[in-house]
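Analysis of the macromolecular model
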Amino acid sequence: MTVELQPFGEVIEYIRGITFDPEDLVEPSTAGAVACMRTKNIQESLDTGDMIAVPSSVVRRDDLYLRSGDMLISSANSWELVGKACSVPALPFLATAGGFIAILRSKGKLDPRYMAHWVRAPATQHLIRRCARKTTNIANLSVPQLESLDVPVPSMPEQRRIADILDKADAIRRKRKQAIALTDDLLRSTFLDMFGDPVAGTCKWQVRSLGSLVSSIDYGVTASADARPIGPKFLRITDIQDGRVDWRNVPHCECDDGVAARAALSKGDIVFARTGATTGKSFLIQECPVGAVFASYLIRVRPDPLVPEFLFGFFQSPTYWRQIRSMAEGAAQPGVNASKLAALLVPIPPLATQEEYAHMHRRVANMRAQFDCVATEAESLFHAVSQRAFAGMAT
């Protein structure tokens, strides 16, 4: 089947988000308030859990109000996230787009669901990132380049047929991801049931500082990542995705033997993001290549004599996150150093109780590993169907 290609800019409107002063912000419940979506709201689907609002007087044109079927796209972000996009569902409130994001709106030649699948397809996302101008800390989307991308425009019935197929494949993928999220929720709720919350007064155990309970708290290696096997595997913050690390994709680094030995990771280590938007995010090393080291934006904790699974469970708890946010707030760039981490207050249940939780954690981790495999297969299936669809071969 021959499919017509058209410049993206001929079939969509690109509408830049509004700008406003901080003092313009109002409470979302204020009469006449308009929800203002930001980069953080652009997730797999539109996240309306944390929104800001502005008066309607700041939204100076009708086309700046979001409509069902629009898309929001990140127009200024890190290189990895620029171009990230999501669909806008029917919203029960007025909403607009803020700075650093833009609205993509079909002019009528693209079915909104078809447009959403095309924009979010991995191949398209790669092309969109190539439309960005990269600076030291941020990448800015070039609108003329984005609008020059060729989009396949089959007949409207064919677009809807393709969207139906991709909706079904996407539903399978999302259900697998939801199963993984449920295992994380199970561990968090089990931890709170077993150990309580010291801040809420439901913890019956003694509380001590983390630094007095672990054998070491160390910074990682300052080095450049290299795809070539020039040295040990080099774990970075960005390699930790959805609670897992694909060691096959982790790069290498060059460092001398002494540094490599000091920063070598072992089973039971826990690493933390110490700066940026992911400050406090942690990962339990359950397996890793021999000699793998960790990067300088991570901190490693060796939880001896505490049981690693127990301590990692604590690092997912509300108590932990309240302390991390308190330590990180007030700085232009959020961050937690080794000294602050050592000052964290941690409950200390008996070793047998920690082991009981660890046994539960290992069982759930094995379950999650199986879900991960199925989710990876579902992701591959979705991408394959998506690729075939936009090549005009969906069946």
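Above this text sits the structure in question.
A few points on the structure. Just so it is clear, the structure is predicted and the values come from calculations on it, not from any experiment. (Residues numbered from 1 in each chain as written. Predicted model: local features only at pLDDT ≥ 70, side-chain atom pairs only at ≥ 80, totals over all residues. Heavy atoms only, no water.)

Let's shift gears to the overall build of the protein chain. Tallying secondary structure elements over the protein chain gives 10 helices and 22 strands in all. Its C-alpha radius of gyration of 24 Å places the protein chain within 12% of the 21 Å reference for a compact globule of 395 residues. Across the 395 residues of the protein chain, 46% fall into the buried class. Considering only residue pairs separated by 6 or more positions, the protein chain has 75% of its internal contacts joining residues 24 or more positions apart. (Helix = DSSP H or I, 4+ residues; strand = E, 2+ residues; numbered from the N terminus. Rg over C-alpha atoms; globule rule 2.2 N^0.38 Å. Buried < 20%, exposed > 50% of the residue type's maximum accessible area, 1.4 Å probe, protein only. Contact = heavy atoms within 4.5 Å.)

Its place among the elements puts M367 in helix α10 (residues 351-390). Its relative accessible area of 37% is what places M367 among the partly exposed residues. Sequence separation between M367 and A179 is 188 residues; the distance between their C-alpha atoms is 9.9 Å.

It is worth spelling out the pattern of salt bridges at this point. Summed over all chains, the structure comprises 20 salt bridges. With a closest N to O distance of 2.9 Å, R236 and D239 form a salt bridge. By relative accessible area, which is 27% here, R236 ends up partly exposed. By relative accessible area, D239 is classed as buried at 11%. Shared partners join several salt bridges into a network, and the residues in it are D111, R113, R160, D164 and D167. (Salt bridge = Lys/Arg side-chain N within 4 Å of Asp/Glu carboxyl O.)

Take the nonpolar core next. Counting residues in each nonpolar core, the largest one holds 33 residues, and the members touching the most others are F8, Y14, L104, L110 and V119. Looking at which element gives the most residues to this core, the answer is helix α2 (residues 112-120), with 5 residues. (Core = buried A, V, L, I, M, F, W, Y, C linked by side-chain atoms within 4.5 Å.)

Running from N to C, α2 and helix α5 (residues 156-195) cross one another at 60 degrees; their axes reach a closest spacing of 8 Å. Relative to α5, the element α2 lies oblique. Once α2 is placed against α5, the crossing between them reads as left-handed. On α5, the residues that touch R113, Y114, H117 and R120 of α2 are Q159, R160, I162, A163, D164, L166, D167, D170, R173 and R174. Tallied by class, residues from the contact of α2 with α5 come to 4 nonpolar, 2 polar and 8 charged. (Axes fitted to C-alpha atoms, helices over the stretch in contact; angles between N-to-C directions. Parallel < 35°, antiparallel > 145°, perpendicular 65-115°, else oblique. Left-handed = near helix turned anticlockwise from the far one by under 90°. Nonpolar A, V, L, I, M, F, W, Y, C, P; charged D, E, K, R; others polar.)

Relative to the elements of secondary structure, T353 occurs in helix α10. Take T353: its relative accessible area is 17%, and that puts it in the buried class. Residues contacting T353, with those up to four places away along its chain left out, are M194 and F195.

The next point concerns unusual backbone geometry. A cis amide bond links D304 to the next residue, P305, at an omega of 20 degrees. By secondary structure assignment, the location of P305 is in the loop between β21 (298-302) and α7 (308-314). One non-glycine residue, F100, lies in the positive phi region at around 75 degrees. Here F100 shows up in the loop between β8 (95-97) and β9 (101-106).

Restricting attention to buried positions, one finds in helix α3 (residues 122-129) the residues T124, Q125 and I128. Projected onto a plane normal to the axis of α3, the buried residues spread over an arc of 100 degrees and lie on a single side. (Arc of directions from axis to C-beta.)

Turning our attention to the sheet that holds strand β3 (residues 33-37). Strand order in the open sheet formed by 3 strands is β4-β3-β8, and the pairing between neighbours is mixed. Both outer strands of the open sheet, β4 (52-55) and β8, are each paired with one neighbouring strand and no more. Strand-to-strand twist across the sheet, computed as the mean angle between neighbouring axes with direction ignored, equals 45 degrees. (Pairing = 2+ DSSP bridges.)

On to the packing of aromatic side chains, then. Describing an aromatic ring pair means giving the distance of the ring centres and the angle of the ring planes. Under the definition given, this model contains 14 aromatic pairs. For the ring pair F195 and F310, a centre distance of 5.0 Å and an interplane angle of 75 degrees mean the geometry is edge-to-face. Taken together, the residues F195 in helix α5 and F310 in helix α7 connect sequence positions 115 residues apart. Taken together, F191, F195, F272, F310, F314, F315, Y320, W321 and Y357 form an aromatic cluster joined through their ring pairs. (Phe/Tyr/Trp six-rings, centres within 6.5 Å; stacked < 30°, edge-to-face > 60°.)

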